[in-house]
Amino acid sequence: MKINVGVIGFGTVGSGTVRILLENKETIKKKTGVELVLKRIADLDIETDRGINIPEGVLTTDATKILNDPEIDVVVELIGGINPAKDFILKAIQAGKHVVTANKALLATEGKEIFESACRKNVCLGFEASVAGGIPVIKVIKEGLTANNILSIYGIINGTSNYILTKMTREGVDFSTALKEAQERGYAEADPTFDIEGIDSAHKLTLMASLAFGIPLSYDSLYVEGISGITSMDIEFASALGYKIKLLAITKLINGEVELRVHPTMIPEDYLISKVDGVLNAVYVVGDAVGETLYYGRGAGDMPTGSAVVADIIDIARRIRDGVSGDRDLRFIGSETHLKVKPIGEIESMYYFRFTALDRPGVLSKISGILGEHQISIASVIQKGRKVGEAVPLVLLTHTARERNVQEAIAKIDRLDVVSDKTVVIRVEGEQE
Ligand code: HSE
C-alpha cells in the first residue's frame, strides 16, 4: 500500500522530515506494510542545497500543487507562523486531506477553528512535533496514559531558554552572550522573544493542557513570565540554597480548576528534572493510576523534530491502511468547558525574594512585618556581605503562600525607603521545609 505525502516548508524541520522519509522508507515499510511516497515538497526557496538527494519533479514553489493534488493523502505544514500556514491547513482539511504540523503558535492561538474543521471533515490532525520536538509527549498524554486522570504536567519545553540558563549557571556568561550562541546553533525561534519570554513554552503548554484535561485552548488565560530578568546573582543564590533555576511550564488540575503558567522556577537540585541541561527538554507527567513519569530528549532540531513529524505521518498511514478515517479523540480538546483556568493570584507556591535593602538594624523586621501582615511565613534568610548604610542583597525563602498576598506584600515593600531596587521574585517548587 502507498500513501502520498506533500510537505510544505523545506526549512530546518522540513529538511529533517524529508531526510527521514527518504532514508528510512524501507524500515517504515517493513514495520507497517505501508510505503510513504514523498510526492511533493513546496518551498519558496528550491535552489539552496540542503544536502539531500531529492527525486526529480518533487520540488515546487507552488503550495497549491500539493493542496489541489487529489492523489496526496497527507499534507505536512512546516512553514510556521500564522499566515499562510493557517490557510494552507484549512484548505488541506477542506480537501479531505489529513494534516501534520509542527506549528505550536498557530494551534495554541487559532487552533479552535482548525481542530473543529478537522473533526467536521473527519480527518486526522497530527501535532506531535509541535511540543518538545522529538519527545513523543503528545502520544504519551493521548495514548500511553489515556487510562489515567492526568493530575499535572511540568515541562522544560524550550531548548533555547534552557540552553541560556545552563550556560549562565555553568560558565557564568551573561544572558545576551548565551542567547547569541543559541541562535547561532539554530535552536531559537525566528523571533527569539518567543523563546526567552516564555511564549513558545506557553504555546506548547496550551496544547498539552487541552489534550490532558479537555479544556478549550486557553493561551489567553495562561500566565507567562520569561527568563530575561534572571541574573547571575540569582542563579548563584539559588545554587547556594540547593536549587537550579529553570523555565518551567506547569499545569495542574485541582478541584475543577486548572493552573496554567510558565515562569522561571527554582527546583531542588537533586530532582531529576533539575539535571536536564543545555538544549534538552523534559516533560514530567503525573497520572492518578501511573503516578509520576518523566520523558527526556531533544526538543528542537531538524532530525528530532522530523522524527515526530514522520511518526505522525506513519500513524495516519496506519489508520488509512486499517480503513479508519479521522481521529475521534481530537473531540476531547475543548469539550470540558466546565473546567476553569485559575487566575495567577489564586495559586499557591513557595517563593524566593531578593530584596535590595539598606544594611541597617531594623530593616529585616520592617520587611518581615509586611510579609507577616500578608500571611507569608519565612523559611530562611541570607544576607551576603556587610556594607553598613549601603544597599545589599537580602534573600529570603518562604513557606507556601498565596500569590495575591505575595504581590501585595512585595508592592508595599518596594515602596519602603530602605529598599532601593525592585524586588526579584521567583517561584519555588519542591517539598515544604
Ligand atoms: N525554539 C524552540 C526551542 C524549538 O528552543 O525549544 C522548537 O520548538
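Here the structure is shown first, and the text comes after it.
Residues numbered from 1 in each chain as written. Predicted model: local features only at pLDDT ≥ 70, side-chain atom pairs only at ≥ 80, totals over all residues. Heavy atoms only, no water.

K.L.:
So what exactly am I meant to see when it comes to the packing of aromatic side chains here?
P.N.:
Aromatic ring pairs are reported here in terms of the distance separating the ring centres and the angle at which the planes meet. All chains considered together, the criterion is met by four aromatic pairs. Measuring from ring centre to ring centre gives 6.1 Å for tyrosine 351 and phenylalanine 353, while their planes differ by 25°; the resulting arrangement is stacked. An aromatic cluster is built from Tyr351, Phe353 and Phe355, whose rings are joined through pairwise contacts. (Phe/Tyr/Trp six-rings, centres within 6.5 Å; stacked < 30°, edge-to-face > 60°.)

K.L.:
Would you mind showing me how to read the pattern of salt bridges here?
P.N.:
Two side chains with opposite charge may pair up if their charged atoms get near one another. Under the counting rule described, the total for this entry stands at 34 salt bridges. Between glutamate 184 and lysine 180 there is a salt bridge, and its shortest N-O distance comes to 3.3 Å. Highlighted residues: glutamate 184 and lysine 180, both in helix H8 (residues 175-184), separated by four residues, approximately one helical turn. Across the pair, lysine 180 and glutamate 184 agree in class, each one exposed. Each of Lys139, Glu143, Asp315 and Arg318 takes part in a single network of salt bridges with overlapping partners. (Salt bridge = Lys/Arg side-chain N within 4 Å of Asp/Glu carboxyl O. Helix = DSSP H or I, 4+ residues; strand = E, 2+ residues; numbered from the N terminus. Buried < 20%, exposed > 50% of the residue type's maximum accessible area, 1.4 Å probe, protein only.)

K.L.:
Please clarify how the sheet that holds strand E4 (residues 74-77) should be interpreted in this entry.
P.N.:
In a beta sheet, neighbouring strands are held together by backbone hydrogen bonds and run either parallel or antiparallel to one another. With parallel pairing, six strands are arranged side by side in an open sheet as E3-E2-E1-E4-E5-E6. At either margin of the open sheet sits one strand with a lone partner, and together these are strand E3 (59-60) and strand E6 (125-126). As paired elements, strand E5 (residues 98-101) and E6 share two bridges and run parallel to each other. Bridge pairing in E6 links valine 100 to glycine 126. Those strands touched by helix H1 (residues 12-23) are strand E1 (2-8) and strand E2 (35-42), and its axis lies near 145° from that of E2. (Pairing = 2+ DSSP bridges. Contact = heavy atoms within 4.5 Å. Axes fitted to C-alpha atoms, helices over the stretch in contact; angles between N-to-C directions.)

K.L.:
For this particular structure, what's the right way to read the site of the ligand?
P.N.:
All residues adjacent to the ligand are Lys104, Asn158, Gly159, Thr160, Tyr187, Ala188, Glu189, Asp195, Asp200, Lys204, Gly299 and Ala300. Within the side chain of lysine 104, an N or O atom sits 2.5 Å from an oxygen atom of the ligand. A distance of 2.7 Å separates a nitrogen atom of the ligand from a polar side-chain atom of aspartate 195. When the ligand sits alone it has 260 Å² of accessible area, and the protein chains cover 91% of it. More than half of the atoms of the ligand fall within 2 Å of the grid points belonging to the largest pocket. Mapped by element, the contributors of at least two residues to the shell around the ligand are helix H7 (159-171) and helix H10 (199-213). Considered class by class, the residues forming the shell around the ligand number three nonpolar, four polar and five charged. (Near = heavy atom within 4 Å. Polar contact = N/O pair within 3.5 Å; in protein donor to acceptor, adjacent residues only side chain to side chain. Areas by Shrake-Rupley, 256 points an atom, 1.4 Å probe, with all protein chains shown as cover. 1 Å grid on protein atoms, 1.4 Å probe; cavity = no way out; pocket = protein on both sides within 12 Å on 5 of 7 lines; lining within 4 Å. Sits in = over half its atoms within 2 Å of the grid points. Nonpolar A, V, L, I, M, F, W, Y, C, P; charged D, E, K, R; others polar.)

K.L.:
Explanation requested: the pairing of strand E16 (residues 391-398) in the structure shown.
P.N.:
For a regular strand, side-chain orientation follows a simple rule: the groups alternate between the two sheet faces. The buried fraction of E16 amounts to six of the eight residues, a majority that puts the element mostly inside the structure. Bridging between strand E15 (residues 378-383) and E16 involves five bridges; their strand directions are antiparallel. Across the sheet, isoleucine 378 pairs through a bridge with threonine 398, a residue of E16.

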